[in-house]
Amino acid sequence: MCFDIGIVVCGPNEALVISGMFQGGKPTFINGGRAIVCPCIQTVQRIPLNTMTLEVHSPRVYTSQGVPISVVGTAQVKINGSSEEMLGYAAEQFGGKPVDQILNICLETMEGHQRAIMGNMSVEEIYRDRKTFSKKVFEVASVDLHNMGIAVISYTLKDVRDEVGYLASLGQARTAQVKRDALIGEAEARKDATIAEALAEEQRMESKLVNDTEIARSKRDFELKKAIYDTEVNTAKAEAEMAYSLQAAKVQAKIKEEEMQVKVVERMQNIAIQEQEIMRREKELDSKVRKPAEAEKYRLEKIAEAERQKVVLEAEAEAEATALRGEAEAYAIEVKAKAEAEQMAKKADAWKEYKEAALVDMMLKVLPKVAAEVAGPLSETNKITMVATGDGPIGASRVTNEVLDIMGSLPDTVKKMTGVDITTRMARA
């Protein structure tokens with residue numbers, strides 16, 4: 001049974017150390033593998049390769065100043081399985097020992113080096129420069145543990161405290177210093193902040209002024225350009241309106257001209273009609289009163305001619321200017337005056353030609369008119385009150401006699417005014 005062959009297997013976190021026959025005078029190391037082992041002639045040992053955490057306590061260790069302090073450090077260590085030399089050291093030191101014993105050996109070694117470093121440094125150096133302290137402990141312990149086949153992965157200073165209040169006093173002084181520095185820093189920061197704020201406000205105001213200046217300049221340029229554009233637009237608009245007004249005026253003038261032409265044509269037609277009417281009247285007068293009243297005919301012809309001239313002048317005056325109307329009226333008056341003068345002359349010639357017959361005829365025509373004019377007021381009278389002395393007629397015959405007396409006095413009146421005795425001439429006739 002001692003010569004039965006067996007297979008030994010190990011995990012990746014451990015190493016096999018095989019020693020005995022067939023090993024060439026030195027052990028064989030296998031990490032995370034398997035091996036064939038012959039019992040009785042070969043021995044197999046297992047070495048753990050796990051990382052081991054050590055909490056290193058160093059209570060009441062006097063520093064270089066003689067101040068006792070307590071330090072707690074944390075170290076990570078493991079047997080280096082990647083180096084056959086390190087495995088040989090570990091197999092030599094820890095072969096056949098349990099993990100607890102390995103941990104205790106490593107802890108004692110680390111604690112001793114930690115105490116040694118603490119004795120060579122001051123409290124301030126340990127407390128303030130923990131990185132340097134950790135580095136020294138790591139370097140010193142790594143050399144000794146390397147000879148045991150163990151590698152120090154890391155070391156950190158976890159805690160520093162004392163029982164005499166040195167750290168508290170140091171902390172108070174540092175706290176006061178820190179507070180002082182904080183107050184100074186706060187004041188300087190406030191000063192810097194105030195200066196920075198003032199500079200920022202100055203820059204902001206400067207930027208604002210520059211921005212406002214640019215805005216004002218842009219607004220001014222915009223207003224200038226807008227004014228120029230508005231001027232051009234208003235000019236074009238005014239020109240268009242003036243052109244439209246001018247064209248409208250031309251059209252209105254043309255319409256007025258056409259209307260005037262129509263009015264002129266109408267007036268010419270009216271004049272032509274009036275001329276025809278005048279010619280008709282002239283012929284009528286010529287046929288009816290030429291022989292018995294040549295003078296009257298001449299007068300009517302002149303009056304008709306004056307009226308025709310007046311109408312013509314009025315038409316021309318309205319077409320050309322209102323001022324010509326006065327001239328036409330003056331001319332009409334002058335023509336009328338001449339016509340009346342000629343009429344009077346014709347009447348005078350008629351009187352000379354007809355003499356007594358004319359007078360008689362005239363008196364016979366005038367007397368009824370005079371009697372009508374005299375009796376006219378009486379016909380409009382509603383009531384007549386007559387006062388008589390008792391002599392002569394009374395009543396209606398008295399009124400008739402009054403009218404006849406007025407008619408009888410007419411020849412005397414004509415004789416006094418013209419020197420012509422109508423009564424005698426009528427008796428001769």
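Up top is the structure these notes are about.
Read on for a plain summary of the structure.

Reading the values: the criteria
- Residues numbered from 1 in each chain as written.
- Predicted model: local features only at pLDDT ≥ 70, side-chain atom pairs only at ≥ 80, totals over all residues.
- Heavy atoms only, no water.
- Helix = DSSP H or I, 4+ residues; strand = E, 2+ residues; numbered from the N terminus.
- Buried < 20%, exposed > 50% of the residue type's maximum accessible area, 1.4 Å probe, protein only.
- Contact = heavy atoms within 4.5 Å.
- Areas by Shrake-Rupley, 256 points an atom, 1.4 Å probe, with all protein chains shown as cover.
- Pairing = 2+ DSSP bridges.
- Axes fitted to C-alpha atoms, helices over the stretch in contact; angles between N-to-C directions.
- Core = buried A, V, L, I, M, F, W, Y, C linked by side-chain atoms within 4.5 Å.
- Parallel < 35°, antiparallel > 145°, perpendicular 65-115°, else oblique.
- Left-handed = near helix turned anticlockwise from the far one by under 90°.
- Nonpolar A, V, L, I, M, F, W, Y, C, P; charged D, E, K, R; others polar.
- Expected span 1.5 Å × (residues − 1).
- Salt bridge = Lys/Arg side-chain N within 4 Å of Asp/Glu carboxyl O.
- Arc of directions from axis to C-beta.

### Quick notes on the overall build of the chain
Here is step 1: Looking only at helices and strands, the chain has ten helices and eight strands in total.
Here is step 2: Going through the 429 residues of the chain one by one, you find that 22% of them count as buried.
Here is step 3: The contacts of the chain with a sequence gap of at least 6 include a subset with a gap of at least 24, amounting to 66%.
Here is step 4: As displayed, the chain has an accessible area near 29400 Å², and 57% of this comes from carbon and sulfur atoms.

### Concerning the sheet that holds strand β8 (residues 150–161)
Here is step 1: If you trace the three strands from one edge of the open sheet to the other, you get β6-β7-β8, paired in antiparallel fashion. At either margin of the open sheet sits one strand with a lone partner, and together these are β6 (52–62) and β8. The sheet shows a mean angle of 20 degrees between the axes of neighbouring strands, taken without regard to direction.
Here is step 2: In the packing of helix α2 (residues 99–119) onto the sheet, the strands contacted are β6, β7 (68–79) and β8, and the crossing angle to β6 comes to about 40 degrees.

### Re the nonpolar core
Here is step 1: Core analysis: the biggest nonpolar cluster contains 38 residues, and I69, V77, M110, I126, F133, L145 and I150 have the highest contact counts within it.
Here is step 2: Listed by contribution, the elements that provide at least two residues to this core are β2 (14–20), β6, β7, α1 (84–94), α2, α3 (123–128), α4 (130–146) and β8.
Here is step 3: Beyond its immediate stretch of four places on either side in the chain, M110 contacts L54, V56, A75, V137, A141, L145, V152 and Y155.
Here is step 4: Residues C10, L16, I18 and V37 belong to the second largest nonpolar core, which totals seven residues.

### Brief notes about the environment of E314
Here is step 1: Turning to its location among the elements, E314 is positioned in helix α6 (residues 294–320).
Here is step 2: By relative accessible area, E314 is classed as partly exposed at 29%.
Here is step 3: With 13 residues separating them in the primary sequence, E314 and E327 have C-alpha atoms 9.5 Å apart.

### Topic: the packing of α2 against α4
Here is step 1: Contact geometry for α2 and α4: axes closest at 9 Å, N-to-C directions at 135 degrees. Overall, the two elements α2 and α4 adopt an arrangement that is oblique. Read as a crossing pair, α2 and α4 show a hand that is right-handed. Where α2 approaches α4, its residues C106, T109, M110, H113, Q114, I117 and M118 are matched on the opposing element by F133, K136, V137, V140, A141, D144 and L145.
Here is step 2: Grouping the amino acids of the contact of α2 with α4 by side-chain chemistry returns nine nonpolar, three polar and two charged.

### Topic: unusual backbone geometry
Note on backbone geometry: most residues besides glycine have negative phi, and most peptide bonds are trans.
Here is step 1: Of note in this structure, R60 is not a glycine but carries a positive phi near 45 degrees.
Here is step 2: By the secondary structure assignment, R60 is in strand β6.
Here is step 3: Relative accessible area serves as the criterion here: at 39%, R60 is assigned to the partly exposed category.

### Observations regarding α2
Here is step 1: For α2, which comprises 21 residues, the first-to-last C-alpha distance of 30 Å matches the rise-based estimate of 30 Å (1.5 Å per residue) to within 8%.
Here is step 2: Those residues of α2 lying buried are I102, C106, T109, M110, E111, H113, Q114, I117 and M118.

### Considerations on the pattern of salt bridges
Here is step 1: Counting across every chain of the model gives eleven salt bridges.
Here is step 2: Here R161 ties to D159 by a salt bridge, and the two come within 2.7 Å at their closest N and O atoms.

### Considering the side chain of T63
Here is step 1: With respect to the helices and strands, the residue T63 is situated in the loop between β6 and β7.
Here is step 2: Once residues within four sequence positions are removed from consideration, T63 is found in contact with I69, M118, G119, M121, S122, V123 and I126.

### Quick word on the pairing of β6
Here is step 1: Summarising the sheet, β6 and β7 pair through nine bridges and their orientation is antiparallel. Bridge assignment links E55 to a residue of β7, and that residue is T74.
Here is step 2: Connecting β6 to the next strand, β7, in antiparallel fashion are five residues, including G66 with a positive phi near 85 degrees.

### A few points about α4
Here is step 1: For α4, with 17 residues, the first-to-last C-alpha span of 24 Å sits near the 24 Å given by 1.5 Å per residue.
Here is step 2: Along α4, the residues classified as buried are F133, S134, V137, A141, S142 and L145. For α4, the arc enclosing every buried residue in end-on projection is 155 degrees, short of the 170-degree limit, so these residues lie on one face. Facing away from the buried surface of α4 by more than 90 degrees, the exposed residues are K131, K135 and V143.
Here is step 3: Each element contacted by the buried residues of α4 is listed here: β7, α2, α3 and β8.

### Describing the environment of E92
Here is step 1: Relative to the elements of secondary structure, E92 occurs in helix α1.
Here is step 2: Overall, E92 belongs to the exposed group, its relative accessible area being 63%.
Here is step 3: It is 8.8 Å that separates the C-alpha atoms of E92 and G149, two residues lying 57 residues apart in sequence.

### Some points on the pairing of β7
Here is step 1: Of all the twelve residues making up β7, ten are buried; the element is thus mostly covered by neighbouring parts of the structure.
Here is step 2: As paired strands, β7 and β8 are joined by ten bridges and run antiparallel to one another. By the bridge assignment for β8, V77 is matched with V152.

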